[in-house]
Amino acid sequence: MSSFLKRLEVKRKDETESEATAWINRDIVPLPPSRRTWGAWSFVGYWLLTSFNISNWSTASSLLGLGLNVWQAMVAFIIGQLIVACAVVANGFVGAEWHIGFPVYNRFVWGVFGSFFPLLMRILLSIVWYGVQLAFGGMSVKVVIGAIWPSFYNLHNTLPESTGVETNDLIGILIFAAISVPLMLVPPEHFRKPFLFGSIIITIATFCIFVWTVAKEHGGGPLLSHPSQLNGVEPVTGGAKLGWAMAYGISSTIGSICAGILKQSDYTRFASYPRAQIFSQLVIVPISSIVIALFGIIVTSCAADFYPEEGLLWAPYDLLQAIQQHGGPGARAACFFAGCAFVLSQFGINIPGNAVSGGIDMSGLLPKYINIRRGAYLTAAIGIAICPWKLLTGSSVFLTVLSSFAVFLGPLTGVMVSDYLLVRHKKLRLSHLYMPTRESIYWFAYGINFRALISWAFGVWPLMPGFINAVSPRPIGVSEGWTHVYDLAWPLGFCVSALVHVVLSKAFPPVGLGEVDEEDVFGTFNEKVDFEIFAKSESDLESVKGISVQELTL
């Protein structure tokens, strides 16, 4: 058994590295300058590629199912995206300034052992979202195949209805999954050029679809003027009802990206300088998401007039299929290239955003045996095994899934951001993040920071009655007040947990506040290759000489 486990251990990349231990390997060590390759434009490319995708295209349209009109839905979406942009930057400071990812980030927030709790939660989310985006990618592959062989759309379905997917859809999903495997070999520090290429392609494709539909319709379509006649949903009237519907829309908008907010340090750690992530993300996050959401609504509106017998085509792959079926050879060629662009965008969001993120998290969970690549493959395998297409059976179900994530992630993000910015004032002792002993200032009590656990619980519990009522097959009869509290899931949970965490930390200050390493232990700020990067004890760490971290961080 021991020899088998020895073979499973993560191997060294070269002789400058030591063997991985239970607490550190090459993928979760603070990144040296040579691996920090992302400038401001890299973050722009990342967000263009991950925002111009099927999820954002569909999410704003789904808000119409709440009874909002187009402009009310867009206002809710814009407010939500502005909150997202601020949260993304706030949660990215740790990665940009100390070059550590989510698994290590939570060691100083939750404790060296307590960090396993948010880590397992994030692994679960990466798996679920990998599966969801995999299904979207498979539908786009189906469009590409159908553009070449139109008979593929009518392929005989050999699967039972209970599976929630037809044979041609499943073929597309499996093809997308197979192509994804070799793409997981690319290290995150080499994502810059793929981001640039992919963002250009999907931006051109979506603009072309938008311009074509508006020109053909000579306007924005009937959904803009009378949405209730098309979607069958009674419009929300009255100040209070409208306000709460928009609040739920804002929360759902944040819920659709709350997992992305949480993982920001996994990518800001690759920033070549700390400020690279700030202005670029504050601008591109809301703009890119708002543009694609507006495109999605207007294109769906126009398509409702083009193809009234098709119903509302919320998803771009449904629209492209309808265009092929009602158009000629030229339409097939256009849909082939548009389908390829959406396939590319799904690779862009699913590989770095879910597979690699899941790999980083699993690497933090078992660094001795799992690196990013192995973790990405595990994420992908489990992601397809959960049959993610069943999560996409309808817009209302999809919104419920998105909001349910926000119930747990809003409070978690609030604890993380408040701990770094308000409790520790951006001061960390990196060496102690890799020390699972009482000598570490991040040991707290039994390796767990109970302040974080209590703060997170305070943010979650007010949301639970409404959450249970929302996800239950039958309503459980909670009062309207609890439902309204649930409508505010992410922002309320974030604020409550952040406030409680700051209060508890002021009342019962954790040890080591303000401490930083006297030496640059890991070569994070002044790269060196001739030291033992995987130190196993505090004495080993103290023996390493380098420049003063305190000088570099003040």
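Residues numbered from 1 in each chain as written. Predicted model: local features only at pLDDT ≥ 70, side-chain atom pairs only at ≥ 80, totals over all residues. Heavy atoms only, no water.

Peer 1: What is the right way to look at the overall build of the chain in this model?
Peer 2: A tally of helices and strands in the chain yields 23 helices and zero strands. Burial analysis of the chain (554 residues in total) assigns 58% to the buried set. Restricting to contacts in the chain with at least 6 residues of sequence separation, those with at least 24 account for 82%. Summed over its atoms, the accessible surface of the chain is roughly 22,100 Å², and 67% of this surface lies on carbon and sulfur atoms. (Helix = DSSP H or I, 4+ residues; strand = E, 2+ residues; numbered from the N terminus. Buried < 20%, exposed > 50% of the residue type's maximum accessible area, 1.4 Å probe, protein only. Contact = heavy atoms within 4.5 Å. Areas by Shrake-Rupley, 256 points an atom, 1.4 Å probe, with all protein chains shown as cover.)

Peer 1: I would appreciate a short explanation of the pattern of salt bridges in the present structure.
Peer 2: Where charged atoms from two side chains of opposite charge come close, those side chains can pair. In this structure the tally under the stated criterion is eight salt bridges. The shortest N-O distance in the salt bridge between Lys426 and Glu97 comes to 3.2 Å. Here the residue Lys426 occupies a position in the loop between α17 (395-423) and α18 (450-460), and Glu97 occupies one in helix α4 (residues 70-98), the gap between them amounting to 329 residues. Note on Lys426: relative accessible area 31%, which makes it partly exposed. Close ionic contact of Asp266 with Arg122 constitutes a salt bridge, the shortest N to O distance being 2.9 Å. One end of the pair, Asp266, is in helix α12 (residues 265-268); the other, Arg122, is in helix α6 (residues 116-148), and 144 residues separate them in sequence. For the residue pair Asp266 and Arg122, the accessibility class agrees, reading buried in each case. Bridged by salt links that share partners, the residues Arg122, Asp266 and Asp361 form one connected network. (Salt bridge = Lys/Arg side-chain N within 4 Å of Asp/Glu carboxyl O.)

Peer 1: What is the right way to read unusual backbone geometry from this model?
Peer 2: The bulk of non-glycine residues show a negative phi, and the bulk of peptide bonds are trans. Phi is positive for Cys387, which is not a glycine, with a value near 55°. Its place among the elements puts Cys387 in the loop between α16 (372-385) and α17. The phi torsion at His425 lies on the positive side, around 50°, for a residue other than glycine.

Peer 1: Please clarify how the packing of aromatic side chains should be interpreted in this entry.
Peer 2: Think of a pair of aromatic rings as described by two things: how far the centres are apart, and how the planes are tilted against each other in angle. Scanning all chains against the criterion turns up 32 aromatic pairs. Put simply, the rings of Trp38, Phe43, Tyr46, Trp47, Phe191, Phe195, Tyr267 and Phe270 pair up and form one aromatic cluster. In this structure, Arg269 is placed above the aromatic ring of Phe270, and the distance from its NZ or CZ to the ring centre is 5.5 Å. Lying over the aromatic face of Phe93, Lys426 brings its terminal NZ or CZ to 4.3 Å of the ring centre. (Phe/Tyr/Trp six-rings, centres within 6.5 Å; stacked < 30°, edge-to-face > 60°. Lys NZ or Arg CZ within 6 Å of the ring centre and 35° of its normal.)

Peer 1: Got a minute to help me understand the nonpolar core in this structure?
Peer 2: Within soluble globular proteins, side chains that are nonpolar tend to cluster in buried spots. By size, the foremost hydrophobic cluster in this structure holds 152 residues, and its most contacted members are Ile100 and Phe108. Per element, the largest residue contribution to this core is 17 residues, and it comes from α6. (Core = buried A, V, L, I, M, F, W, Y, C linked by side-chain atoms within 4.5 Å.)

Peer 1: Please explain the environment of Ser140 as it appears in this structure.
Peer 2: Examined against the element boundaries, Ser140 turns out to sit in helix α6. Take Ser140: its relative accessible area is 3%, and that puts it in the buried class. Taking the C-alpha atoms as reference points, Ser140 and Ala341, separated by 201 residues in sequence, lie 8.9 Å from one another. Every residue in contact with Ser140, bar those within four places of it in the chain, is listed here: Ile54, Tyr317, Gly339, Phe342 and Val343.

Peer 1: How should helix α10 (residues 239-255) be read in this particular structure?
Peer 2: Compared with an ideal rise of 1.5 Å per residue, which puts 17 residues at 24 Å, α10 spans 24 Å between its outermost C-alpha atoms and is within 8% of the ideal. Ala245, Met246, Ala247, Tyr248, Gly249, Ile250, Ser251, Ser252, Thr253, Ile254 and Gly255 are the residues of α10 that are buried. (Expected span 1.5 Å × (residues − 1).)

Peer 1: Could you clarify how one ought to interpret the packing of helix α2 (residues 40-51) against helix α8 (residues 192-217) in this entry?
Peer 2: Helix packing geometry: the angle between the two helix axes and the distance between the axes. Between α2 and α8, the least distance of the axes is 8 Å, while the angle of their chain directions is 45°. Here α2 lies oblique to α8, going by the angle between them. Between α2 and α8 lies a crossing of left-handed hand. For the pair α2 and α8, the contacting residues are Ser42, Gly45, Tyr46, Leu48 and Leu49 in the first and Arg192, Pro194, Phe195, Gly198, Ser199, Ile202 and Thr203 in the second. Within the contact of α2 with α8, the residues separate by chemical class into six nonpolar, five polar and one charged. (Axes fitted to C-alpha atoms, helices over the stretch in contact; angles between N-to-C directions. Parallel < 35°, antiparallel > 145°, perpendicular 65-115°, else oblique. Left-handed = near helix turned anticlockwise from the far one by under 90°. Nonpolar A, V, L, I, M, F, W, Y, C, P; charged D, E, K, R; others polar.)

Peer 1: Mind showing me how you'd approach the confidence of the model for the chain here?
Peer 2: In low-pLDDT segments, the atomic positions of the prediction should not be examined closely. Of all residues in the chain, 90% have pLDDT values of 70 or greater, and the mean over the chain is 84. A low-confidence stretch, residues 529-554 (pLDDT under 50), is modelled with 56 contacts involving residues beyond four sequence positions or located in other chains. (pLDDT = per-residue confidence, 0-100.)

Peer 1: Would you mind going over α18 with me for this structure?
Peer 2: Helical geometry note: an α-helix holds 3.6 residues per turn, so side chains three or four residues apart project in the same direction. Among the residues of α18, those classed as buried are Arg451, Ala452, Ser455, Trp456, Gly459 and Val460. Viewed along the axis of α18, the buried residues span an arc of 160°, placing them on a single side of the element. (Arc of directions from axis to C-beta.)

Peer 1: What should I look at first to understand the environment of Val343 in this one?
Peer 2: Positionally, Val343 belongs in helix α15 (residues 329-365). For Val343, a relative accessible area of 12% translates into the label buried. Taking the C-alpha atoms as reference points, Val343 and Gly138, separated by 205 residues in sequence, lie 8.0 Å from one another. Not counting chain neighbours up to four residues away, the residues in contact with Val343 comprise Gly137, Ser140, Val141, Val144 and Phe176.

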